[in-house]
Amino acid sequence: MSCLQLERLLPEYIKRFEAYIPSKPDPELMRLYGCSRLYRLNNNENPLGPPDAALEVIRNFFPPKAAIYPSGDAYYLRQKLAEKFSKHPDQFLVGNGANEVIGFVIKAFCESGDNIVTADKTFAVYEWVAEFSGFEARLVPLKDYEFDDRGMLDCIDDRTKIVFLCNPNNPTGTYWNRERLERFLDAIDSRRIVVIDEAYCEFVEADDYPDCMSLIDRYPNLVVFRTFSKMYGLAGLRIGYLAGELSVVDAIRRTCVVYSVNTLAQEAALAAVGDEGHLVRSRQFVRQGKDFLRRELTRLGLTFVAREGNYVMIELPMSDTLAYRKLMTQGVMVRSMTGFRFPNHIRVTISFMEAMEAFIEALETILRRSV
Ligand SMILES: *Cc1c(COP(=O)(O)O)cnc(C)c1O
């Protein structure tokens, strides 16, 4: 038997690609960094958890149902979403997190030689999925922490199939307002798909934030992403979806393998949709935490970006990867931003006051020691 010839088996774009390394489980990290408790402020989860009705569904899940395949097309959830957004159920496609639907869209539209356009400092999964699928990802630098409309339009060519916008942007929290977004959509040829990732839309408080679900009626090339992972507190169950014009979603649906969304996730999400009280409470919670961080970071003389979303990005007078390790020894986990091309920056998720205070105390400690 001859030996495995990986070098010949692998396409160039896979050889080049570096796998994402997920963080280890808490007990492992706590042993590694010698801390007795750990505040995870790295993933923008909602510390208030899922809405009550979803908790109830999770508690009462009938165990024998684990043996049965889920609905292959999230039937009831799509009906509920259709009702909520005044659309047809077939205008929604549910996936194993919004992460999965990114792949659906790229597979549906891109072929050899095509490219996608997005920002250099935004959610990295658009770029990653394009690259490990063999497509060029064109990255337009942010301007004043915002997507650069002009720069993106200039970067689009005949082979651009999809433009990915993140609104509000992770990690900067900046957003496209209604007017700017519509101007951009008007300027873009409808031969291209524009994806608007609204993972954090439920946290937005600005009045001029666009209602993209209704813009789908005017711009048939628009595809909107939503998730139950952030505001709805269901990150562990993995469920998100996309919405678009009927024929667009019909095309995208061809690329998705059924049964990727489990029964419990579908039922919990169904119960979670439309719990306005949960949204109001969570927004207020985030506002208070953000106000606290603004005050404290100003007191520490640090530069930071605290706009929309349940996170704040902070510039440090030291390497972010070093800061990450030092904060870990104090039991606080943040997101280091080198991977987002923001060296010397960290992103911190808004959480309970106890965790916010622990973070500020740990930050003060490591900054004091570093001077
Ligand atoms: C968290 C996040 C997602 C992915 O959410 P899942 O539904 O958990 O896969 C997508 N886009 C952005 C901008 C995010 O921050």
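Note that this is a predicted model, so its numbers are computed, not measured.

A separate point is the pattern of salt bridges. In the structure shown here, the tally under the stated rule is 28 salt bridges. In this structure, E56 and R59 form a salt bridge, with 3.0 Å as the shortest nitrogen-oxygen distance. Of this pair, E56 and R59 are both found in helix α4 (residues 52-59), three residues apart, which corresponds to roughly one turn of the helix. According to the relative accessible area criterion, E56 is partly exposed, its value standing at 39%. The class of R59 is exposed, set by a relative accessible area of 58%.

Take the layout of surface pockets next. Estimated volume of the largest pocket: approximately 1600 Å³. Around the largest pocket, the lining is made up of 48 residues, and of these Y20, I21, N43, W128 and R335 lie nearest the centre. Contributing elements (two or more residues each) for the lining of the largest pocket: α3 (26-33), α6 (98-109), α7 (125-132), α14 (320-329) and β12 (335-336). It is α7 that provides the largest number of residues to the lining of the largest pocket, a total of five residues. In terms of residue class, the lining of the largest pocket is made up of 23 nonpolar, 12 polar and 13 charged. When residues of the lining of the largest pocket are assigned to domains, at least three map to each of domain 1 (10-49 + 277-370) and domain 2 (52-274). The volume enclosed by the second largest pocket comes to roughly 320 Å³. For the second largest pocket, the lining is made up of 20 residues, of which K84, F85, C201, E202 and R226 are closest to its centre.

What follows covers the domain arrangement of the chain. Domains assigned within the chain are domain 1 (10-49 + 277-370) and domain 2 (52-274). The C-alpha-based centres of domain 1 and domain 2 are spaced at 24 Å. Here domain 1 packs against domain 2, burying approximately 2800 Å² in sum over the two surfaces, 62% of which is carbon and sulfur. Counting across the domain 1 and domain 2 interface gives two salt bridges. Taken together, the links from domain 1 to domain 2 amount to 12 residue pairs in polar contact (both at pLDDT 80 or more). Mapped onto the side of domain 1 that touches domain 2, the elements with two or more residues apiece are α2 (12-16), α13 (276-299), β10 (311-315) and β13 (345-349). The leading source of residues in the side of domain 1 that touches domain 2 is α13, at six residues. Of the residues assigned to the side of domain 1 that touches domain 2, the class counts are 12 nonpolar, nine polar and seven charged.

Reading across from one edge, β2-β8-β7-β6-β5-β3-β4 is the order of the seven strands in this open sheet, with mixed pairing throughout. Each end of this open sheet is capped by a strand with a single partner; those strands are β2 (92-95) and β4 (136-140). On average, each strand axis in the sheet is tilted by 20 degrees relative to the strand beside it, whichever way the strands run. With four bridges connecting them, strand β6 (residues 193-197) and strand β7 (residues 222-227) associate as parallel partners. Across the sheet, the residue bridging to V194 is L222, located in β7.

Let's shift gears to the nonpolar core. Within the largest apolar cluster, 114 residues are counted, with the highest numbers of intra-cluster contacts made by I162, L165 and F359. Counting residues per element, this core draws most heavily on helix α15 (residues 353-370), which supplies nine residues. No fewer than three residues from each of domain 1 (10-49 + 277-370) and domain 2 (52-274) sit in this core. Core analysis: the next-biggest nonpolar cluster, separate from the first, contains five residues, L29, L38, Y324 and M328 among them.

About the cut-offs
Once a new chain begins, its residue numbering starts again from 1 and follows that chain's sequence as written. Reporting in this predicted model follows two pLDDT cut-offs: at least 70 for local features of residues, and 80 or more for side-chain atom pairs to be given and counted; totals over whole chains, interfaces and linings ignore these cut-offs and use all residues. Excluding hydrogens and water, the side-chain figures rest on all heavy atoms present in the structure. Each reported salt bridge corresponds to a side-chain nitrogen of Lys or Arg within 4 Å of a carboxyl oxygen of Asp or Glu. We count a stretch as a helix when DSSP gives it H or I for four or more residues in a row; a strand needs E for two or more, and each element gets its number in order from the N terminus. Accessible area is worked out with a 1.4 Å probe on protein chains only. A residue is then buried under 20% of its type maximum, exposed over 50%, and partly exposed in between. Within this scheme a cavity is a closed region of a 1 Å grid, computed over the protein atoms alone, that accommodates a 1.4 Å probe without allowing it to escape, whereas a pocket is open but has protein on both sides within 12 Å along at least five of seven lines; lining residues each have an atom within 4 Å of a point. Grid points are joined across faces, edges and corners, and a volume is the space filled by probe spheres set on the points. Each residue gets one label: Ala, Val, Leu, Ile, Met, Phe, Trp, Tyr, Cys and Pro are nonpolar, Asp, Glu, Lys and Arg are charged, and the others, such as Gly, are polar. Here the bounds of each domain stem from an automatic or database domain assignment. Here's the idea: put two parts together, see how much 1.4 Å probe accessible area each one loses, and the total over both is what we call buried area. The definition of a polar contact used here is a pair of N or O atoms within 3.5 Å, where within protein one atom must be able to donate a hydrogen and the other to accept one, and adjacent residues in sequence count solely through side-chain atom pairs. Whether two strands pair comes down to DSSP finding at least two bridges between them. Orientation is described by axes fitted as lines to C-alpha atoms, over the contacting stretch for helices, and by angles from 0 to 180 degrees between their N-to-C directions. In plain words, nonpolar cores are sets of buried Ala, Val, Leu, Ile, Met, Phe, Trp, Tyr and Cys residues tied together by side-chain atoms within 4.5 Å.

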